[in-house]
Amino acid sequence: MLVYFLKLYFMKPKPRLSFWQIWNMSFGFLGIQFGFALQNANVSRIFETLGARVEDIPILWIAAPVTGLIVQPIIGHMSDKTWNRLGRRRPYFLVGAILASLALLIMPNSPALWVAAGMLWIMDASINISMEPFRAFVGDMLPSRQRTMGFAMQSFFIGIGAVVASALPYIMTNFLGIANTAPEGQIPPSVKYAFYIGAAVFFLAVMWTVIRTKEYSPEELKEFSPEEHPDLVQSVAEQDAVLPAGRFIHGSYIWIIAGAIFTSLIYWFHLEAELYILSVGILAFGIIQIMTGMLIRGGNDKNGFVVVINDLFKMPKTMKQLAVVQFFSWFALFAMWIYTTSGVTSTKYDMKLDQETYYELVRIVDRAEERNDPAIIRDIPGVRAELDRFGKRFEQGKDVAVSMRVVQFFNDPKRYETLELEQHLIDRFHHINQEYNKGADWVGVLMAVYNGFAAIMAFVLIWLAGLIGRKRTHAVSLFIGGISFVAFYFIQNPTMLIIPELGIGLAWASILAMPYAILTGSLPQHKMGTYMGIFNFFIVIPQIMAASLLGFFVKTFVGGQAIYALILGGISLLIASVMILFVTDVDEQV
């Protein structure tokens, strides 16, 4: 041990990089966020256009977090072990950029809902291949005193990319005259062209980083002191030590039993099907632990799968504390990305249904069902279920906003004659469809606002962190973000929603920078990619839980009103703002 610390003493620290070097190494995030912003602002719209019900949307979004859960630790571990002509992380930047760009070209041309869901899976996997090594890249290239700057620079490019990407459909419609509506089941041209532009920007931005940045070789990295505070660093042997097989096998029993009980309850009480995602996930984690224990007993403790799971159980203290903060932060973000479009369009735009029109629609559906017309009969059960939900809300004396499933059913010109729709209904549904697309475009602008403000605040947060510390900076940002989420319920004028979006932008800038800046100081250099991939678990797990629970919550407890999911997200951010104060920031202790 004495020899180890003597070696650390004589190692040199990583050199400081210039502003433009940090700029170049972060520029690829401009393209990555271009892809994510188009996904976040438009995929729910694509799903609804292709016939998805609002409470079904979270289950369709499950592709994104599940893909990240699988892909990021694998890519992180692989990149830790990679070195070739392109370097250590850059090969993954390039491969991910090519695949993601192709997926962005295909996604808006999806002919059916199941194709769109599948393309979301492929697109998210591709984006994750590029994104995961970018986080480890900062740990590789920058000394601890510059890491806040490094992650803030990433936040800046994320904000800039998202501003343009989120607003593209709105810009194309309102400034270039490209249509934002299309026949039933087709994606509007404004959305399609936005995705095409996104594909080009994604590839070119990532290529800039690949070409303009030189990585340290493994030999150079070994010459650098692993941290500015070697007394807090374990030896490599201690970091790589594998836990006993029994630790995994014995611990698995609780997870398997809990998952089996939960799954049985869902089945016996006929609960929502999306809850199976959570129960199966619990079971799967138990099975993964058994597999890990058996591989260790068989002498396969160098297996990549074993290394990732072993490192998960050996996370540094700071990483465990940050995991809780990340859970509540990203649960809120996922609620926002799924439900802002539905929440805003249904409460701030003219999508209301009066009771007289409701009874008229019920009679029309009754007649259509009696005729058993094959052209529409397959859609009637879903429409009937929506109308039943509307009826319950009328019985409770509450307002009803029409869902897009009902709008798409009645607004199809091919069905006017079959359904015997009167002109006033045709006009009303045409108006509602226009209102929805107008609101959806405005949501794109709101997404641009919070991302643009995040880009500005990224550099302000560097100053604030130097003044009051990274933990307090993050706590203040999350608190303001939580209040801003809740404000969506109370503000009726869509234009005024820009104000809470500024608060969300502050929280977003901090979420993208502060946790990572705090984390990297506690991680061993040779496992930077692996631990960054594992850290993604605590972004992905809350997203999976949101996909499992939010649809159930919206349908069961709040009558399908998406706006309440945003309130739940605000509460989650407020909890995160308290939990960050209990995190140990290793760098600030030195």
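Throughout this description, residue numbers start from 1 for each chain and increase along the sequence as written. Thresholds applied to this predicted model are a pLDDT of at least 70 for local features of residues and 80 or more for the giving and counting of side-chain atom pairs; totals over whole chains, interfaces and linings are not thresholded and use all residues. Side-chain numbers here rest on the full set of heavy atoms in the structure, without hydrogens or water.

**Examining the overall build of the protein chain**
Now for step 1: Along the backbone of the protein chain there are 26 helices and 0 strands.
Now for step 2: Its C-alpha atoms put the protein chain at 85 × 55 × 40 Å along the principal axes.
Now for step 3: Taking all 590 residues of the protein chain together, 60% fall into the buried category.
Now for step 4: Only heavy atoms enter the contact rule, under which two residues are in contact if any of them lie within 4.5 Å. Partitioning the contacts of the protein chain with sequence separation of at least 6, the portion at a separation of at least 24 is 81%.
Now for step 5: Accessible surface, the protein chain as shown: approximately 23,800 Å² in total, 66% of it carbon and sulfur.
Now for step 6: Of the side-chain charges in the protein chain, 45 are positive and 45 negative, and the distance between the mean point of each set is 9 Å. Strands are runs of DSSP state E lasting at least 2 residues, helices are runs of H or I lasting at least 4, and numbering of each runs from the N terminus. Think of it in three bands: residues with accessible area under 20% of the maximum for their type are buried, residues over 50% are exposed, and the middle band is partly exposed, with areas taken using a 1.4 Å probe on protein chains only. What sets the accessible areas is the Shrake-Rupley method with a 1.4 Å probe; for residues, cover comes only from the shown protein chains. Asp and Glu count as negative and Lys and Arg as positive, but His and the ends of the chain are not part of the count. The location of each charge is read from NZ of Lys, CZ of Arg, CG of Asp or CD of Glu.

**Concerning the nonpolar core**
Now for step 1: Here, the term nonpolar core denotes a set of buried Ala, Val, Leu, Ile, Met, Phe, Trp, Tyr and Cys residues that are joined through side-chain atoms within 4.5 Å. Ile32, Met107, Trp337 and Trp508 are the most contacted members of the largest nonpolar core, which totals 131 residues.
Now for step 2: The element contributing the most residues to this core is helix α15 (residues 317–348), with 15 residues.
Now for step 3: Contact partners of Met107, with chain neighbours within four places excluded, come to Val43, Ile46, Ala116, Met119, Leu120, Met123 and Phe195.
Now for step 4: If you look at the next biggest cluster of nonpolar residues, it comprises 29 residues, including Leu361, Val365, Ile426 and Ile432.

**What to know about the confidence of the model for the protein chain**
Should the pLDDT be low somewhere, the predicted coordinates at that spot are not to be read in detail.
Now for step 1: Residues at a pLDDT of 70 or more form 92% of the protein chain, whose mean pLDDT is 85.
Now for step 2: Every residue is assigned a pLDDT by the predictor, reflecting its confidence on a scale from 0 to 100. Throughout residues 1–6 the model reports pLDDT below 50, and contacts reaching past four residues in sequence, or to other chains, amount to 7 contacts.

**Section: the side chain of Asp140**
Now for step 1: Assignment of secondary structure puts Asp140 in helix α7 (residues 113–141).
Now for step 2: On the accessibility criterion, Asp140 (2% relative accessible area) is buried.
Now for step 3: Looking at Asp140, its side chain comes within polar contact range of the side chain of Arg89, at 2.6 Å.
Now for step 4: Not counting chain neighbours up to four residues away, the residues in contact with Asp140 comprise Lys14, Arg88, Arg89, Tyr216, Leu221, Gln525 and Met528. Polar contacts, as counted here, are pairs of nitrogen or oxygen atoms within 3.5 Å of one another; within protein the pair requires one atom able to donate a hydrogen and one able to accept it, and residues that are adjacent in sequence qualify only if both atoms are side-chain atoms.

**Structural notes on the environment of Leu419**
Now for step 1: The topology assignment puts Leu419 in helix α19 (residues 416–419).
Now for step 2: For the pair Leu419 and Asp373, spaced 46 residues apart in sequence, the C-alpha separation works out to 9.9 Å.
Now for step 3: Once residues lying within four places of it in the same chain are set aside, the contact partners of Leu419 are Ile364, Arg367, Ala368, Arg371, Ile376, Phe409 and Phe410.

**Some details on the pattern of salt bridges**
Now for step 1: Any carboxyl oxygen of Asp or Glu that lies within 4 Å of a side-chain nitrogen of Lys or Arg is treated as forming a salt bridge with it. Enumeration over the complete set of coordinates arrives at 16 salt bridges.
Now for step 2: Asp140 serves as the salt-bridge partner of Arg88, at 3.3 Å between the closest nitrogen and oxygen. Here Asp140 lies in helix α7 and Arg88 lies in the loop between α5 (63–80) and α6 (90–106), a separation of 52 residues in the sequence.
Now for step 3: Each of the salt bridges in this network shares a partner with another, and the network as a whole consists of Asp80, Arg88, Arg89 and Asp140.

**Let's talk about α15**
Now for step 1: The span you would expect from a helix comes to 1.5 Å times its residue count less one. A rise of 1.5 Å per residue sets the reference length of α15, with its 32 residues, at 46 Å; its end C-alpha atoms lie 45 Å apart and thus fit the reference within 8%.
Now for step 2: Its maximal kink placed at Tyr339, α15 deviates by approximately 55 degrees.
Now for step 3: With respect to burial, α15 is a largely interior element, 25 of its 32 residues being buried. Values of bend correspond, residue by residue, to the angle between axes fitted over the seven residues ending at that residue and the seven starting there.

**Focus on empty space enclosed by the protein**
Now for step 1: Using a grid of 1 Å spacing that covers the protein atoms alone, one calls a set of points a cavity when a 1.4 Å probe fits there but cannot get out, and a pocket when the set is open and has protein on both sides within 12 Å along at least five of seven lines; lining residues are those with an atom within 4 Å of a point. Grid points are joined across faces, edges and corners, and a volume is the space filled by probe spheres set on the points. Inspection of every chain in the model, using the stated rule, returns 4 cavities of 30 Å³ or more.
Now for step 2: In this structure, the largest cavity spans a volume of roughly 350 Å³.
Now for step 3: Contributing to the lining of the largest cavity are 27 residues, with Phe36, Met131, Trp330, Ile539 and Gln543 lying nearest its centre.
Now for step 4: Contributing elements (two or more residues each) for the lining of the largest cavity: α3 (28–49), α5, α7, α15, α22 (498–520) and α24 (537–557).

**Considerations on unusual backbone geometry**
Now for step 1: The residue His270 is not glycine, and still its phi comes out positive at about 55 degrees.
Now for step 2: Residue placement: His270 occurs in the loop between α12 (245–268) and α13 (275–297).
Now for step 3: Assessed through its relative accessible area of 71%, His270 is described here as exposed.
Now for step 4: The backbone phi angle of Glu420 is positive, close to 55 degrees, even though this residue is not glycine.
Now for step 5: Along the chain, the position of Glu420 falls in the loop between α19 and α20 (423–468).

**With respect to the packing of helix α2 (residues 19–26) against helix α9 (residues 189–212)**
Now for step 1: Between α2 and α9, the least distance of the axes is 7 Å, while the angle of their chain directions is 130 degrees. Taken together, the axes of α2 and α9 lie oblique to each other. Each of Asn24, Met25 and Ser26 in α2 lies in contact with α9, whose residues at this interface are Trp208, Thr209 and Arg212.
Now for step 2: Residues are grouped as follows: Ala, Val, Leu, Ile, Met, Phe, Trp, Tyr, Cys and Pro are nonpolar; Asp, Glu, Lys and Arg are charged; all remaining types, including Gly, are polar. Of the residues belonging to the contact of α2 with α9, the class tally is 2 nonpolar, 3 polar and 1 charged. In this analysis, axes come from line fits to C-alpha atoms, helices being fitted only over the stretch in contact, and the angle between any two N-to-C directions falls in the range 0 to 180 degrees. For classification purposes, angles smaller than 35 degrees are called roughly parallel, those larger than 145 roughly antiparallel, those between 65 and 115 roughly perpendicular, and all remaining angles oblique.

**Notes on the side chain of Thr148**
Now for step 1: Examined against the element boundaries, Thr148 turns out to sit in helix α8 (residues 144–174).
Now for step 2: Using a relative accessible area of 12% as the deciding quantity, one classes Thr148 as buried.
Now for step 3: Among the polar contacts made by the side chain of Thr148, one reaches the side chain of Arg470 at a distance of 3.0 Å.
Now for step 4: When residues no more than four places from it in sequence are discounted, the contact partners of Thr148 are Ile462, Arg470, Met514 and Ala517.

**With respect to the layout of surface pockets**
Now for step 1: In this structure, the largest pocket occupies an estimated 1,000 Å³ of space.
Now for step 2: Around the largest pocket, the lining is made up of 27 residues, and of these Leu69, Gly281, Phe285, Ile288 and Ile541 lie nearest the centre.
Now for step 3: Looking at the lining of the largest pocket, the elements that each hand over two or more residues are α5, α12, α13, α14 (304–313) and α24.
Now for step 4: No other element matches the 8 residues that α13 contributes to the lining of the largest pocket.

**Side note on the packing of aromatic side chains**
Now for step 1: In this analysis, rings of Phe, Tyr and Trp, with Trp reduced to its six-membered ring, are considered paired at centre separations within 6.5 Å, and the interplanar angle assigns stacked below 30 degrees, edge-to-face beyond 60, and tilted for intermediate values. For the coordinates displayed, the defined rule picks out 33 aromatic pairs.
Now for step 2: Ring geometry for Phe27 versus Phe157: centroids 5.2 Å apart, planes at 75 degrees, classification edge-to-face. Taken together, the positions of Phe27 in the loop between α2 and α3 and Phe157 in helix α8 put the pair 130 residues apart, joining distant regions of the chain.
Now for step 3: For the pair Tyr358 and Tyr359, a centre-to-centre distance of 5.2 Å together with 55 degrees between the ring planes defines the contact as tilted.
Now for step 4: The exposure class assigned to Tyr359 is partly exposed, which follows from its relative accessible area of 43%.

**A closer look at the packing of α20 against helix α21 (residues 470–490)**
Now for step 1: Two numbers describe how α20 lies on α21: the axes approach to 7 Å, and their chain directions differ by 125 degrees. Taken together, the axis directions place α20 and α21 in an arrangement best described as oblique. Crossing of α20 over α21 shows right-handed handedness. Along its contact with α20, which presents Leu461, Leu464, Ala465 and Ile468, the element α21 presents Arg470, Arg472, Thr473 and Ser477.
Now for step 2: Grouping the constituent residues of the contact of α20 with α21 by class yields 4 nonpolar, 2 polar and 2 charged. Whether a crossing is left-handed or right-handed is set by the direction in which the near helix is turned from the far one by less than a right angle, anticlockwise for left-handed and clockwise for right-handed.

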